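Reading the structure
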Amino acid sequence: MQAENLSTASGEPPSGNSLPNLKTFRSAGRGYWHDVADADWNDWRWQLKHRITTVEQLQKFLPTLTPEEYAGAKLANTKLALAITPYFFNLINPADENCPIRLQVIPKLAETHTASWEMSDPCGEDSHSPVPGLVHRYPDRVLFLVTDRCAAYCRYCTRSRLVSNATGYDFHPEFDKQIAYIAAHPEIRDVLLSGGDPLLLSDEKLENLLSRLRAIPHVEFLRIGSRIPTFLPQRITPELCAMLKQFHPLFLSIHSNHPRELTTEVRAALGRLADAGIPLGNQTVLLKHVNDDADVMKAHLQKLLMCRVKPYYIYQCDLIAGSAHLRASVRTGLAIMEKLRGHTTGYAVPTYVIDAPGGGGKVPVSPEYVLSRNADRVVIRNFEGKIFEYPEAADGSPLSQPPNEIVAPELV
Ligand code: SF4
């Protein structure tokens, strides 16, 4: 595999969106931080301490900041804070206002426009929360919110009501109460740690929390949801991996949206997690001008497999307040799925879901492959649009005689 430095001689990353270019693994490089010692640059705490968090820093590091971005950054601290790690910032192409990395983390004034159907809690989490920081919406599993902090903030974040505390939500998880609730509910067999980003906790705090959860006999399965591997791959230290591997079965769902996020640094970090025996899945949010293109999405999903990550979900972007400028349509999502299934490795094809607005849970949506169900057959089409029949009676039993000749229905 190729590995190049993303920064060119001029200090700007390339903007090419050709497929071979998207599939190439590159380093994020050092950009403005070329004088920083390796030991600092590779230290996750240094990265956190030197995050870009103000409009003045943005102006300094990104001279092409647009008026729309300037205004958005000025207002960010009233909605969802601005924070970008130096590492991730280096992936931004300053020459491209529509750079898919830039769109995800640099605020825009459009975030302050809220439609009447948009919500601050589109998944209805607060109404399914028996104790602070715990969401119990599905019968056998819970969402355990660990922190309201992230390494960087995604402008479309479903939990922007609480992460970064910009709106004064004042999130205070109470681990004792959260753990006591799980211990008292034997139907809970699966705990997903999320936030905010659980991997922002120190190794010691995370180990303590995982130990307490693992000690509950009916908890079969632990999961962590984290954007850290893509925002801050330096955090995935050998020590962290050695600690996590004590708690198997432990799965980790990463979050990445565009093939350029999958750098040599991210690939190495994911390799360390995979070597620790941690099964890795990826969650992608379908975003306008970021990944609402079948070729870009396919390159991303294939590149994930090269990083030992199984693409798990593509999420329709939730109706979070102020996200209309980033939301791609369901029609676009379906058209992308149509170009994935059958056209690439099945392992690369995630489930496309809409989190039903208001708290209905994840609903899978897919192009239609069953064209009709008749008295003696099910009529299906394949990824090429060719029609086939599967003979069976309407009640699902095997046929006792051959079905009548098929009359090909029109493709939908
Ligand atoms: S990392 Fe996750 S929780 Fe944090 S801002 Fe992004 S989407 Fe929201």
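Quick caveat: nothing in here was measured; it's all calculated off a predicted structure.

Attention now moves to the overall build of the chain. When helices and strands are counted, the chain shows 14 helices and 14 strands. Projecting the C-alpha coordinates of the chain onto the three principal axes gives extents of approximately 75 × 55 × 45 Å. Each of the 412 residues in the chain was classed as buried or not, and the buried ones make up 38%. Sequence separation of at least 24 residues holds for 75% of the intrachain contacts in the chain that already meet a minimum separation of 6.

With that settled, the discussion passes to the domain arrangement of the chain. When cut into domains, the chain gives domain 1 (3-112), domain 2 (126-364) and domain 3 (368-412). For domain 1 versus domain 2, the distance between C-alpha centres works out to 22 Å. Contact residues are listed per partner, giving 38 residues for domain 1 and 36 residues for domain 2. Of all the secondary-structure elements, those providing two or more residues to the side of domain 1 that touches domain 2 are α1 (19-23), β2 (25-27), α3 (44-49), α6 (86-89) and α7 (100-105). For the side of domain 1 that touches domain 2, the leading source of residues is α7, giving 5 residues. Grouping the amino acids of the side of domain 1 that touches domain 2 by side-chain chemistry returns 22 nonpolar, 10 polar and 6 charged.

This part takes up the sheet that holds strand β14 (residues 387-391). Within the open sheet, the 3 strands sit side by side as β12-β13-β14. Their pairing is antiparallel. The outermost strands of the open sheet, each flanked by one partner alone, are β12 (370-373) and β14. The average undirected angle you get between the axes of adjacent strands in this sheet is 20°. With 5 bridges joining them, strand β13 (residues 377-381) and β14 adopt antiparallel strand pairing. When the bridges of β14 are listed, Arg 381 appears paired with Ile 387.

Reading the values: rules and limits
Residues numbered from 1 in each chain as written. Predicted model: local features only at pLDDT ≥ 70, side-chain atom pairs only at ≥ 80, totals over all residues. Helix = DSSP H or I, 4+ residues; strand = E, 2+ residues; numbered from the N terminus. Buried ≥ 20, exposed ≤ 12 C-beta atoms within 10 Å, placed from the backbone. Contact = placed C-beta atoms within 7 Å. Domains from an automatic or database assignment. Nonpolar A, V, L, I, M, F, W, Y, C, P; charged D, E, K, R; others polar. Pairing = 2+ DSSP bridges. Axes fitted to C-alpha atoms, helices over the stretch in contact; angles between N-to-C directions.

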